[in-house]
Amino acid sequence: MSFKCTYIAIVVLMTIQHALLQTTDKEWFDRFLRTGEACKSNTCRLGDSTCECYLTIDHALTMMYRGEGQPAVLLKPLKGRAVRFYNETEFERSREDTFILADGYKPRIVIVVNGRFPGPTITAREGQEVIVHVRNLMHTDSTTIHWHGLHQKKSPWSDGVAFVTQCPILPGQNYTYKFNAKPFGTSFYHAHIGDQRTMGLYGPLIIIPKPDQQISSPQVDNVFIAIIQDWNHDDDEDALYQKMLWGVYDSSGNLVTETKDPSGARYSRFKCHSGLINGRGRFYRSSTEHNEVPLTRFEVEQNEDYRFRVISAATLYPFRVFVEGHRPIYILASDGFEIGKTEVESFIIHPGERIDFLLNADEPLGTYLLVAETLEVYSENEYHAAEAIIHYKNADINPNPPKVTARTCDSSGSTCRVFNCPFEHFSSQQNRKCVSFNDVESNDPNSNANEVKSNKVKEMFFNFAFPGEAGYTPGSVNGHQFLPPTVAAYAQPGLVDYTCEAWNASTICECTYSVTIDIDNKDLVYQFVMTNIGGGAGWSHPVHLHGHSFYVMKMVFATYDSDGKLTQNGTQDNIDIICPDSKNFCSDAKWRNESWVEGNHPDLNWINPPQKDTIIIPTGGYVIIRFKADNPGVWFFHCHIDLHNTNGMGMIINESPKSQPKVPTNFPKCKSFETPGNINSALDHCCHRLMFFFCITFHLLWSYHIIL
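Residues numbered from 1 in each chain as written. Predicted model: local features only at pLDDT ≥ 70, side-chain atom pairs only at ≥ 80, totals over all residues. Heavy atoms only, no water.

(A) Structural detail: the overall build of the protein chain. Helix and strand content of the protein chain: 7 helices and 39 strands. Here the C-alpha atoms of the protein chain give a radius of gyration of 27 Å, agreeing with the 27 Å that 2.2 N^0.38 yields for 708 residues. Viewed in the frame of its principal axes, the protein chain has a C-alpha envelope of about 95 × 75 × 60 Å. Here the protein chain holds 708 residues, and 57% of them are scored as buried. A separation threshold of at least 6 residues defines the contact pool for the protein chain, and within that pool the share at least 24 residues apart is 75%. (Helix = DSSP H or I, 4+ residues; strand = E, 2+ residues; numbered from the N terminus. Rg over C-alpha atoms; globule rule 2.2 N^0.38 Å. Buried < 20%, exposed > 50% of the residue type's maximum accessible area, 1.4 Å probe, protein only. Contact = heavy atoms within 4.5 Å.)

What follows is the structure in structure tokens.
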């Protein structure tokens, strides 16, 4: 009897497996579009060699529930619930959790992934082959997906940067990415064309380390993901870009001034109305009154430890993150790389960064808030923050908790420690102490700073700024405003025009700026000095390097007064660095002390320097990074503020061109198509430039040739 049951079970399992194998890609796309998930259940597990997923990209409206047919149900927030607009009846919680709400202000178009905003989490195991099929159902927009933080070794064509590593995925097209799941840690995927990330095309990408790694815990259980975004009610990505170029005017016709951080560094005219955590947040009409939108919930058990993987998908603003009623928290990792456990009161996260922290859930049972406040300075009657609920299991929950009480840092007589400030210190009155990447050490099993200790260091300076003449100050790197190629640069290198002949140290040019490194593929060590100095400085720039992580050897800030404000002429182009050009564009910077050249800066951190792939360049300061050129490819290097990037603040690092792997067979290619003028037009043009007699003669001869 047991043999018969076993036989039947085997047959059933084989039948199911066969059915799964026979399922078409369209059926998989449609299945995950219904469920909101992403990956096949028989992949991505410990022991599986692959992790296969399907993502459908489309548009949707916030505050609209489409699950009850046509017309859709209009929603509104009420006391921490999303209810039917007209009769205020509630939905069951499981259904409400799937609603696309943003900050509940009004219906607003967003980009969704598998019907979700943000997109579903992809969780793979270190070393697996990740296969992601992408279907673009948007009616008019092309797209690409970048796998932020993954190095794409031996698969550079899967990096997902439009016109750098691939052609855009056109409406109605499918595209398959394949890459190795390394390095482990907290990453995310997002659009890499225009400013689509602003509209919601992003989602978490988590790589679980191999079981034998000696790293911080927890890693799988007791883990939450919090992905943060700044939110604006009025503007889509193209409107934001135009307003950044030409200015924003208020209802009285006055030009709106730029927002600033506490030091005086500028962000943008882009108005931050709200912050979102996992696609939800509350809009504050005043400093205390909000619109009662349901928030993301994290449920914890008392006296347990929890890992929070915090990801910044923000468009512009950094956020200071803390947990109400819980102090301290402990930093565990940044950009997926482990650092020594660091006790802080809060931390600052910039666009493109990921920071993992540990929370001890050791407070009285109740409802608390995870809070991410923008770092901007705004009026006393405003409040710009992303919030989520941390609820202790077995406690009554308040679905509509009040705003957190403002924190003070002197009640116990101790100074609050804030990790990852973009400036050297807060005002002395705030009693906060900044902890930078100069102050932490790598604790990652894959880190090996010895690999970048070399006497043969290639040093390069890159200034990320807005230099130029009055009226023309585009985003640029070393004075080059990046112009994307019209082809997929990696697959079609011979069709890319990399010439930037119009450039010199005192001009700004628009071109496809590229620097070739490691031409002979000798795994050379490179030291990049990334600056934010000169006449185009004064703005926030978190910079991301594709294809690599790097060691942070030194962060150097400008000078500040006791109130934490940038001092005039206290920037590093007046201290450590010389900008030889007469206009102070700083596109050809060099060390003031000539003995520092080629990697000989006297104060680099050689004691387990932290490893990252995205880092803030302090306004008026610089960051020194090192990495080994061991990953042939065409890698984008850019500011991770989308509006700065699309304005030209990016470039290509063309690494080891002789050793770059060939693209797969039938890899898509693209280019501009221009119809050549007809022969008569060409000849007419000739007549304007050559002697009349010659052109008449040529016409007659050509006509005779045609007749024959």
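(B) Highlighting the UniProt feature "domain: Plastocyanin-like" (unreviewed entry) in the protein chain. In the UniProt entry, the feature "domain: Plastocyanin-like" (unreviewed entry) is given for residues 102–210, 254–395 and 504–658. This span, residues 102–210, is 0% helix and 39% strand, and a straight line between its end C-alpha atoms measures 35 Å. Taken end to end, residues 254–395 is 0% helix and 44% strand, and its first and last C-alpha atoms sit 50 Å apart. (UniProt positions renumbered as here; feature names shortened; annotations may be inferred.)

(C) Just the packing of aromatic side chains, in detail. Scanning all chains against the criterion turns up 40 aromatic pairs. The interplanar angle of 40 degrees and the centroid separation of 5.6 Å between the aromatic rings of phenylalanine 528 and phenylalanine 637 together place this pair among those described as tilted. You can see phenylalanine 528 sitting in strand 30 (residues 525–531) and its partner phenylalanine 637 sitting in strand 38 (residues 633–639), a full 109 residues away along the chain. For the pair phenylalanine 528 and phenylalanine 637, a shared accessibility class is recorded, and that class is buried. (Phe/Tyr/Trp six-rings, centres within 6.5 Å; stacked < 30°, edge-to-face > 60°.)

(D) Quick look at the sheet that holds strand 11 (residues 202–208). With mixed pairing, the 4 strands of this open sheet are ordered in space as 6-11-10-8. At either end of the open sheet lies a strand with only one pairing partner, and these are strand 6 (122–125) and strand 8 (145–148). Neighbour-to-neighbour, the strand axes of the sheet open up by a mean angle of 20 degrees, direction not taken into account. Pairing analysis gives 6 bridges linking strand 10 (residues 185–191) to strand 11, with the strands arranged antiparallel. Counterpart to threonine 186 in the pairing with strand 11 is isoleucine 206. (Pairing = 2+ DSSP bridges. Axes fitted to C-alpha atoms, helices over the stretch in contact; angles between N-to-C directions.)

(E) Main features of the state of the cysteines. In the structure shown here, the tally under the stated rule is 7 disulfides. Disulfide pairing places cysteine 579 opposite cysteine 586 at an S-S distance of 1.9 Å. Residues cysteine 579 and cysteine 586 are joined by a disulfide whose S-S torsion is about 100 degrees; by sign, that bridge is right-handed. One exposure class covers both cysteine 579 and cysteine 586, and it is buried. Here cysteine 272 stays unpaired: no disulfide links it, and the sulfur of cysteine 639, its closest cysteine neighbor, is 17 Å away. Cysteine 639 sits in the buried class, given a relative accessible area of 0%. (Disulfide = S-S within 2.5 Å.)

(F) A look at the nonpolar core. Membership of the largest hydrophobic core comes to 87 residues, with the highest contact counts inside it found for Phe308, Phe347, Phe357, Leu370, Phe419, Met530 and Phe637. Per-element tally for this core: the top contributor is strand 22 (residues 385–392), with 4 residues. Counting the residues that make up this core, at least three belong to each of domain 2 (223–435) and domain 3 (449–655). Ignoring anything within four residues of it in the chain, the contact list for phenylalanine 347 reads Val310, Phe319, Arg320, Val321, Ile329, Ile331, Ile355, Phe357, Val418 and Phe419. (Core = buried A, V, L, I, M, F, W, Y, C linked by side-chain atoms within 4.5 Å. Domains from an automatic or database assignment.)

(G) Spotlight on the pairing of strand 14 (residues 297–300). Burial along strand 14 is one-sided: the residues Phe298 and Val300 are buried and none of Arg297 and Glu299 is. Here 4 bridges tie strand 14 to strand 22, and the two strands are oriented parallel to one another. Across the sheet, residue glutamate 299 finds its bridge partner in strand 22, namely histidine 391.

(H) Focus on the sheet that holds strand 3 (residues 73–78). As summarised here, the arrangement of the 3 strands in space is 2-3-4, forming an open sheet in which the pairing is antiparallel. Looking at strand neighbours, the two that pair on one side only are strand 2 (64–65) and strand 4 (81–84), the edges of this open sheet. Pairing of strand 3 with strand 4 involves 4 bridges; the strand directions are antiparallel. Bridged to lysine 76 within strand 4 is valine 83.

(I) Main features of unusual backbone geometry. Proline 218 follows serine 217 through a cis peptide bond whose omega is 0 degrees. Examined against the element boundaries, proline 218 turns out to sit in the loop between strand 11 and strand 12 (223–231). Look at the link from arginine 327 to proline 328: it is a cis peptide, with omega at 10 degrees. Its place among the elements puts proline 328 in the loop between strand 16 (319–323) and strand 17 (329–334). Despite not being glycine, asparagine 394 has its phi angle at roughly 75 degrees, a positive value.

(J) Up close: the domain arrangement of the protein chain. Domain boundaries assigned for the protein chain yield domain 1 (32–63 + 100–208), domain 2 (223–435) and domain 3 (449–655). Once you take the C-alpha centre of each, domain 1 and domain 2 turn out to be 25 Å apart. Contact with domain 1, which involves 31 residues of that partner, is made by 37 residues of domain 2. Roughly 2,700 Å² of surface becomes buried between domain 1 and domain 2 when both sides are summed, with 59% attributable to carbon and sulfur atoms. Contact with domain 2 buries surface across domain 1, with Asp103, Arg108 and Thr186 losing the most and accounting together for 25% of the total. Seen at the junction of domain 1 and domain 2, the total is 0 salt bridges. For the pair domain 1 and domain 2, the number of links is 16 residue pairs in polar contact (both at pLDDT 80 or more). (Buried area = accessible area lost by both parts, 1.4 Å probe. Salt bridge = Lys/Arg side-chain N within 4 Å of Asp/Glu carboxyl O. Polar contact = N/O pair within 3.5 Å; in protein donor to acceptor, adjacent residues only side chain to side chain.)

(K) Spatial organisation of the side chain of asparagine 654. Mapped onto the fold, asparagine 654 is located in strand 39 (residues 650–655). Within the structure, asparagine 654 has its side chain in polar contact with the side chain of glutamine 660 (distance 2.7 Å).

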